[in-house]
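Geometric and topological summary
Chain by chain, the residues run as shown.
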Amino acid sequence: MGIKYESVVPWGRSYPEYVDMFNLTPPDLNKPILSCGDGPASFNSSMNQKGKTVVSIDPVYRLSRTEIENRIAETSKIVMAQTKKNQDKFVWSGIGSVEELFKIRIESMKEFLSDYEAGKHAKRYITAELPFLPFKSDEFDLALSSHFLFLYTENLSLEFHLKSIDEMLRVSKEVRIFPLLDMNATTSTYVNPVIDGFSRKGYDVETVRVNYEFQKGGNLMLKIIK
Ligand SMILES: C[S@@+](CC[C@H](N)C(=O)[O-])C[C@H]1O[C@@H](n2cnc3c(N)ncnc32)[C@H](O)[C@@H]1O
């Protein structure tokens, strides 16, 4: 039995993790960034504190702070139980244990929650869901997907992936997706069709090795440039 979630779960990573997952350089961090499926990650909050611009979209932002807090509490038990049962699928050299992982994730999500209402007011957290984005063409330089596309291969179709990436490329000059693995640390069956499809459409498509690996073998990021 591997890892399977009935639906896409809200779970949040930190600013240093985003920098490593997406190879974000100082010039990248100064670009207008759209982060899709950002959920309760603290990347947006940390970037805002540094005076940088990130807009995050997620369907979970239709909920209030308390409702998201409750969903995180429900999700935490499920995610931690699944991670414990499947520890062999992860690299434990950076984060040493399931308990340490839990502590780090909860800290990130607490940072998100304390920034949520101010960020919603400032339109940094926008309720939207792929494959549709409520933005004008080319509004952003960089559009990111962390732990949403490819990861939920069992839950979301190839057609959904192709439409979502098309939409991200409509509103942004460049798309970066991490990881290329599904929930069970196997390369998503959608990676090759996505690479072929967007290469044929004339985009520059590149698989980049990054300085981040938590799922075993999960140190590759996909870059698609218009
Ligand atoms: C596992 S979380 C990843 C959160 C964050 N990006 C990170 O890496 O820490 C996946 C997120 O995808 C969001 N999601 C679900 N369906 C979506 C859709 N159609 N478009 C955008 N985001 C979606 C969920 O609400 C959830 O917050």
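Residues numbered from 1 in each chain as written. Predicted model: local features only at pLDDT ≥ 70, side-chain atom pairs only at ≥ 80, totals over all residues. Heavy atoms only, no water.

Identification of the protein chain as SAM-dependent methyltransferase from Methanobacterium formicicum is taken from an unreviewed UniProt entry.

Turning next to the packing of aromatic side chains. Overall, the coordinates contain 16 aromatic pairs when judged by the stated rule. Relative to Tyr116, the ring of Tyr61 has its centre 5.9 Å away and its plane inclined at 45 degrees; by these criteria the two rings are tilted. Of the two residues, Tyr61 is situated in the loop between β2 (54-57) and α4 (65-85) and Tyr116 in helix α5 (residues 98-121); the sequence distance between them amounts to 55 residues. With respect to class, Tyr61 is no different from Tyr116; both count as buried. Ring geometry for Phe112 and Tyr116: centres 5.2 Å apart, planes at 40 degrees, overall tilted. Residue Phe112 and its partner Tyr116 are located together in helix α5, separated by 4 residues, close to a single helical turn. By relative accessible area, Phe112 is classed as buried at 0%. Here the aromatic cluster, defined as three or more aromatic residues joined through ring pairs, consists of Tyr15, Tyr18, Phe22 and Phe43. Cation over ring: Lys50 sits above Tyr15, and NZ or CZ is 4.4 Å from the ring centre. (Phe/Tyr/Trp six-rings, centres within 6.5 Å; stacked < 30°, edge-to-face > 60°. Helix = DSSP H or I, 4+ residues; strand = E, 2+ residues; numbered from the N terminus. Buried < 20%, exposed > 50% of the residue type's maximum accessible area, 1.4 Å probe, protein only. Lys NZ or Arg CZ within 6 Å of the ring centre and 35° of its normal.)

Right, let's get into the pairing of strand β1 (residues 33-36). Residues Ile33 and Ser35 point to one face of β1 and Leu34 and Cys36 to the other, with burial holding for every one of them. Pairing analysis gives 4 bridges linking β1 to β2, with the strands arranged parallel. Bridging from a neighbouring strand, Leu34 pairs with Val55 of β2. One crossover worth recording links β1 to the parallel β2 by way of helix α3 (residues 43-49), and it is right-handed. Where β1 lies against strand β4 (residues 140-146), 4 bridges are found, and the strand directions are parallel. Bridge assignment links Cys36 to a residue of β4, and that residue is Ser145. (Pairing = 2+ DSSP bridges. Right-handed = clockwise from strand over helix to strand, strands pointing away.)

The next subject is the site of the ligand. Neighbouring the ligand are 21 residues, the closest being Arg13, Gly37, Asp58, Leu130 and Ser146. Between an oxygen atom of the ligand and a main-chain N or O atom of Trp11, the distance comes to 3.2 Å. In the environment of the ligand, an oxygen atom lies 2.4 Å from a nitrogen or oxygen atom belonging to the side chain of Ser146. Protein chains shield 94% of the accessible area of the ligand, which is 600 Å² for the free molecule. Split into classes, the residues belonging to the shell around the ligand amount to 12 nonpolar, 5 polar and 4 charged. (Near = heavy atom within 4 Å. Polar contact = N/O pair within 3.5 Å; in protein donor to acceptor, adjacent residues only side chain to side chain. Areas by Shrake-Rupley, 256 points an atom, 1.4 Å probe, with all protein chains shown as cover. Nonpolar A, V, L, I, M, F, W, Y, C, P; charged D, E, K, R; others polar.)

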